[in-house]
Amino acid sequence: SPDAQTVVLATINLHYIDVFFNWALQLARFGHAQTMIVGALDWRAHDLLAELSAPVFPLIPRFAAGDERRSERQHAFDGIWIERGALAGALLRAGYNVLLCDSDAVWTADVLGWMPALYALQGEPIDAIASA
């Protein structure tokens, strides 16, 4: 809905933590730091962000690295995207707008500021906005 609060849902692992900090800073510069929810893909990233009081939750692959076959690891990793979609669905049902965003995306303008105009153009709820 055009009047609902928009939540920005991102995922991060420890290898991209510096990229995440730049992304979060840009989000804050546009006044949207309070709209962010972060799924941590490993415990070290989760613990670091939790220590910094970031709105983080564990979204950790269900496999032990090392002794599992690649196909099993990939299957567990694919489950992350399913869980992220389920979380987005729950947020939508709770009345929020949801923007799934990669934390390495560069925001050159206030993307969330465009949402009301996009609703006005479409005239009905937006199911998906994507870029390649």
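For the structure, check the block above.
Residues numbered from 1 in each chain as written. Predicted model: local features only at pLDDT ≥ 70, side-chain atom pairs only at ≥ 80, totals over all residues. Heavy atoms only, no water.

So, on to the overall build of the protein. From N to C terminus, the protein includes four helices and four strands. When the helices and strands of the protein are placed in sequence order, the string is β-α-β-α-β-α-β-α. Put simply, the protein has 132 residues, and 34% of those count as buried. Partitioning the intrachain contacts of the protein with sequence separation of at least 6 by distance along the chain shows that 60% fall at a separation of at least 24. (Helix = DSSP H or I, 4+ residues; strand = E, 2+ residues; numbered from the N terminus. Buried < 20%, exposed > 50% of the residue type's maximum accessible area, 1.4 Å probe, protein only. Contact = heavy atoms within 4.5 Å.)

Here we come to the nonpolar core. Core analysis: the biggest nonpolar cluster contains 18 residues, and V8, F20, W23, M36, V38, L49 and W107 have the highest contact counts within it. Contributions of two or more residues to this core are made by β1 (6-12), α1 (17-29), β2 (36-40) and α2 (43-51). Take this core: its biggest share by element is five residues, from α1. Not counting chain neighbours up to four residues away, the residues in contact with L49 comprise I12, I17, F20, F21, V38, A54 and V56. (Core = buried A, V, L, I, M, F, W, Y, C linked by side-chain atoms within 4.5 Å.)

A few words on unusual backbone geometry. Across the chain, the bulk of peptide bonds are trans and the bulk of non-glycine residues have phi less than zero. Not every positive phi belongs to a glycine, and S53 is a case in point at roughly 65°. Take S53: it is sitting in the loop between α2 and β3 (56-58). Accessibility expressed as a relative area gives 65% for S53, which makes it exposed.

Helix length check: α1, at 13 residues, gives a terminal C-alpha distance of 18 Å against a target of 18 Å (1.5 Å per residue), a fit within 8%. Residues of α1 that are buried: I17, F20, W23, A24 and L27. The arc that holds the buried residues of α1, viewed along the axis, is 115°, so those residues lie on one side. Structural note: α1 exposes N22 and R29 on the side pointing more than 90 degrees away from its buried face. Of the residues trailing α1, G31 is marked for its positive phi of about 80°. (Expected span 1.5 Å × (residues − 1). Arc of directions from axis to C-beta.)

On the basis of which strands lie adjacent, the open sheet formed by four strands has the order β3-β2-β1-β4 and parallel pairing. Each having just a single partner strand, β3 and β4 (97-100) make up the two edges of the open sheet. If you compare each strand with its neighbour and ignore which way they point, the axes differ by 25° on average. (Pairing = 2+ DSSP bridges. Axes fitted to C-alpha atoms, helices over the stretch in contact; angles between N-to-C directions.)

Evaluated as defined, the whole model comprises two aromatic pairs. Ring geometry for F20 and F21: centres 5.8 Å apart, planes at 55°, overall tilted. With a relative accessible area of 36%, F21 lands in the partly exposed category. Ring geometry for F20 versus W23: centroids 5.9 Å apart, planes at 35°, classification tilted. Placement of the pair is F20 and W23 together in helix α1, with a separation of three residues, close to one helical turn. Overall, F20 belongs to the buried group, its relative accessible area being 2%. You can call W23 buried: its relative accessible area is 3%. Taken together through their ring pairs, the aromatic side chains of F20, F21 and W23 make up a single cluster. (Phe/Tyr/Trp six-rings, centres within 6.5 Å; stacked < 30°, edge-to-face > 60°.)

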